[in-house]
Amino acid sequence: MKAALLIAKRDLGTYFNSPIFYVLTSVFLLLYSFIFFNVLSLFSFESFRAGQLTLELGMDLSLNKMVVEPSLRNMSFVLLLLVPVVTMRSFSEEKKNKSIFLLFSSPLRLSDILFGKFIACMTVVALMILLTTYSMGFLVWYGNPEIGPIITGYIGLFFLAACFVAVGVFTSSLTDNQVVAAVACFGISLFMWLIGWGAGAAGKAWYGEVLQFLSLVNHLDHFLSGVLDTADVLYYLSFVSLGLFLTYQVLESNRWR
Amino acid sequence: MIEVKNLTKFYGPRQAVRNLSFHVNEGEVVGFLGPNGAGKTTTMNILTGILAATGGTARLCGFDVFDNPMEVKKTIGYLPENPPLYQDMIVEDFLVFSAKIRRMANKNIPEAADRIITKCGLNKVRGRIIEKLSKGYKQRVGLAQALIHDPKILILDEPTIGLDPIQIIEIRKLIKELTSSHTIILSSHILPEITAICQRVIIINQGEIVAEDSLEVLNSTMRKTESLQLTLRQGGNGIQDALSKLDHVLAVRVVAEKQFTIECKSNFHLQDEIARLALANRWGIVELKPTTLTLEEIFLNLTTEEKGVQA
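Residues numbered from 1 in each chain as written. Chains lettered and ligands numbered in written order. Predicted model: local features only at pLDDT ≥ 70, side-chain atom pairs only at ≥ 80, totals over all residues. Heavy atoms only, no water.

## As for the overall build of chain A
Here comes step 1: Within chain A, the regular secondary structure consists of 14 helices and zero strands.
Here comes step 2: Seen in sequence order, chain A has helices and strands lined up from the N terminus as α-α-α-α-α-α-α-α-α-α-α-α-α-α.
Here comes step 3: When its C-alpha atoms are laid out on the principal axes, chain A stretches across 70 × 50 × 30 Å.
Here comes step 4: Residues classed as buried in chain A amount to 50% of the 257 residues present.
Here comes step 5: Here chain A has roughly 12200 Å² of accessible surface; of this, 71% comes from carbon and sulfur atoms.
Here comes step 6: Treating the 15 positive side-chain charges of chain A as one cloud and the 15 negative ones as another, the clouds have centres 15 Å apart. (Helix = DSSP H or I, 4+ residues; strand = E, 2+ residues; numbered from the N terminus. Buried < 20%, exposed > 50% of the residue type's maximum accessible area, 1.4 Å probe, protein only. Areas by Shrake-Rupley, 256 points an atom, 1.4 Å probe, with all protein chains shown as cover. Lys, Arg positive; Asp, Glu negative; His and termini not counted. Charge placed at Lys NZ, Arg CZ, Asp CG, Glu CD.)

## Some words on the overall build of chain B
Here comes step 1: When helices and strands are counted, chain B shows eleven helices and 14 strands.
Here comes step 2: Projected onto the principal axes, the alpha-carbon positions of chain B cover approximately 80 × 45 × 30 Å.
Here comes step 3: Counting over 311 residues, chain B shows a buried share of 49%.
Here comes step 4: The long-range fraction of contacts in chain B, counting pairs at least 24 apart against all pairs at least 6 apart in sequence, stands at 67%.
Here comes step 5: Of the roughly 14200 Å² of accessible surface on chain B, 49% is carried by carbon and sulfur atoms. (Contact = heavy atoms within 4.5 Å.)

## Some thoughts on the sheet that holds strand β8 (residues 183–188) of chain B
Residue and element names in this part refer to chain B.
Here comes step 1: Pairing within the open sheet is mixed, and its six strands lie in the order β6-β7-β8-β3-β9-β10. Each having just a single partner strand, β6 (76–79) and β10 (208–214) make up the two edges of the open sheet. Neighbour-to-neighbour, the strand axes of the sheet open up by a mean angle of 15°, direction not taken into account.
Here comes step 2: Two strands pair when backbone bridges link them, and strand β7 (residues 153–157) and β8 are joined in this way by five bridges, in the parallel orientation. The partner of Leu 154 across the bridge, within β8, is Ile 184. (Pairing = 2+ DSSP bridges. Axes fitted to C-alpha atoms, helices over the stretch in contact; angles between N-to-C directions.)

## What to know about the interface of chain A and chain B
Here comes step 1: The partner chain B presents 30 residues to the 24 residues of chain A that form the contact.
Here comes step 2: Ranking the residues of chain A by area buried against chain B places Leu 102, Pro 107 and Arg 255 of chain A at the top, with a combined share of 29%.
Here comes step 3: One can count one salt bridge joining chain A with chain B.
Here comes step 4: For Asp 112 of chain A, the salt bridge identified is with Arg 103 of chain B, shortest N-O distance 3.6 Å.
Here comes step 5: At the surface where chain A touches chain B, the tally comes to nine residue pairs in polar contact (both at pLDDT 80 or more).
Here comes step 6: The set of elements that each furnish at least two residues to the side of chain A that touches chain B consists of α1 (2–17), α6 (100–104) and α14 (230–256) of chain A.
Here comes step 7: Here the element with the most residues in the side of chain A that touches chain B is α1 of chain A; it accounts for six residues.
Here comes step 8: For the side of chain A that touches chain B, a count of residues per class yields ten nonpolar, six polar and eight charged. (Buried area = accessible area lost by both parts, 1.4 Å probe. Salt bridge = Lys/Arg side-chain N within 4 Å of Asp/Glu carboxyl O. Polar contact = N/O pair within 3.5 Å; in protein donor to acceptor, adjacent residues only side chain to side chain. Nonpolar A, V, L, I, M, F, W, Y, C, P; charged D, E, K, R; others polar.)

## Description of the pairing of β10 of chain B
Residues and elements named next belong to chain B.
Here comes step 1: Taken together, the six bridges between strand β9 (residues 200–205) and β10 define a ladder with antiparallel strand orientation. Within β10, the residue paired with Asn 205 across the bridge is Glu 208.
Here comes step 2: Hairpin connection, β9 to β10: the antiparallel pair is bridged by two residues, and Gln 206 has positive phi, about 50°.

## Details of helix α9 (residues 147–174) of chain A
Here comes step 1: The end-to-end C-alpha separation of α9 of chain A is 41 Å, in line with the 40 Å expected for 28 residues at 1.5 Å each.
Here comes step 2: With 22 of 28 residues buried, α9 of chain A is to be regarded as a mostly interior element. (Expected span 1.5 Å × (residues − 1).)

## Topic: the pattern of salt bridges
Here comes step 1: What the rule picks out here adds up to 20 salt bridges over all chains.
Here comes step 2: For Lys 74 of chain B, the salt bridge is made with Glu 71 of chain B, and the minimal N-O distance between the two is 3.8 Å. In this pair, Lys 74 of chain B and Glu 71 of chain B are both assigned in helix α2 (residues 69–75), three residues apart and thus about one turn of the helix distant.
Here comes step 3: A relative accessible area of 38% means that Lys 74 of chain B is categorised as partly exposed.
Here comes step 4: Of the charged contacts, one joins Arg 126 of chain B and Glu 92 of chain B as a salt bridge, the two residues approaching to 3.0 Å between their closest N and O atoms. Highlighted residues: Arg 126 of chain B in the loop between α4 (109–119) and α5 (135–147) and Glu 92 of chain B in helix α3 (residues 91–101), separated in sequence by 34 residues.
Here comes step 5: Look at the salt bridges and you will find they share partners, linking Arg 10, Asp 11, Glu 94 and Lys 117 of chain A into a network.

## Side note on the sheet that holds strand β2 (residues 14–24) of chain B
Residues and elements named next belong to chain B.
Here comes step 1: Overall, antiparallel pairing links the four strands, which are arranged β2-β1-β4-β5 in an open sheet. The open sheet terminates on both sides in strands that have one partner only, identified here as β2 and β5 (63–64).
Here comes step 2: Taken together, the five bridges between strand β1 (residues 2–11) and strand β4 (residues 55–60) define a ladder with antiparallel strand orientation. Across the sheet, the residue bridging to Glu 3 is Arg 59, located in β4.

## Concerning unusual backbone geometry
Peptide bonds are, in most cases, trans, and in most cases residues other than glycine have a negative phi.
Residues and elements named next belong to chain B.
Here comes step 1: The backbone of Arg 103 shows a phi angle near 65°, a positive value even though the residue is not glycine.
Here comes step 2: Positionally, Arg 103 belongs in the loop between α3 and α4.
Here comes step 3: At Arg 282, a position not held by glycine, the phi torsion is positive, near 55°.
Here comes step 4: Summarising the element assignment, Arg 282 is placed in the loop between α10 (270–281) and β14 (285–291).

## Quick look at the confidence of the model for chain B
All names here are of chain B.
Here comes step 1: Per-chain confidence: chain B averages 84 in pLDDT, with 91% of residues scoring 70 or above.
Here comes step 2: Note that residues 304–311 has pLDDT below 50 and, in this model, six contacts with residues that lie over four places away or in other chains.
Here comes step 3: Reported confidences for the modelled complex are a pTM of 0.83 and an ipTM of 0.87. (pLDDT = per-residue confidence, 0-100.)

Rendered as structure tokens:
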């Protein structure tokens, strides 16, 4: 584990010493902020109208339902777009410029290298997500949203992001081309996101429910509505483990080819 | 120190290494010689645990590469063909990172880094970003990375490839300095390099060892033909013809106006005949001496003969 942290620290150095992290984070925050303030202004417009009409209507307006949930749900989509850019370099670049040989010829376990890469990407993504909490601070300062669903929402987003990162680390272990790695990561992530749509087509067939369960985003909805269900947590953890397991297999099989 | 037995590696259907067996004693400097694609890099990647062999065993310092890769990796330093550098790092930070992943104790690292920076002549660039360094300096950083944990075995894959002549000489000098304290395997397809650095040479072609011996022994066994160098006081048109007509002479080449190289079969002592001829014709011998076959010629012989067999 110590070795994994060494590798993670070195990778983070690359992110922070180059423009990658700053550009990514700026783009991410700008997009998220745009979404957040649009959602917020819609809410204030609605509440203003409700105030003019009847009092009872205004009682239904919830900051959590109308601002927090949609903001976080849309943030997950921005993450889907940007996480592949974070993860694409992890193995691909090292393969390309051969620095991976340094790691492979050093007394490190493959799992150390793998966890190191995962931790580095995850740290970057987690930082990006954490920076968006300013918007929630804003809501708490001026309004009184329920804190619980905000916290579970963020926990859900971290889990979802971890899934994207696991997919990204996996695809970048497959190729030395960063663009291929990013596109493949985006493709797989988006597919796992949309897989729930198959449930509609499946109708009442048994696999409809399975597809529903496999979808990345359905589980996020539970977190966003403030429900912390072990089934959802287990789903995300299994997804991440599977991604890392596959990456390990790719690295190991590279030795034999 | 290094024991390799029947090492075999397939890349899909293609056999890159066939039944390679050799050993290297402690303190030896062994050269891997072979044309591009001979299997040198594959062998080195197997020895360093990066690749898994299809068959056979390799033991380094008593540890099997397959059963005990961690122990093996602690005792080796590896400089692959492209130095494995993180381009965005500062030289000194990179060396410290290399030391850490080699599991050196933290308290020994600054001292080791200082020592290696001085040894590899990196003092001037220790604070610079690797990306901005010249190719020669990058190679030195690569070498420093392989040396920082003071490994018993040093494996260098084409350490001078792509460098300019001055850089080549510097790197060779550096490697020569290391020969006293490390067991070294070095690969190259450039012969003078092997002659300059190594005590023993293993010649590989198409994944197989075609010759393995010290340079002197190789020189003598390979001398199926001899060549003599003749320098005369007089020049003349008939001289080349006259020499070619001697028995056992295979070819006569004109090196300079009054200088010839005579290729002849071994063990016929042609010096006497040539001297007699020169006396009779009053050419005036300045010098007549056997030239030893250069390793370059040996190498060409070995690989071309092998190719002949294969075809």
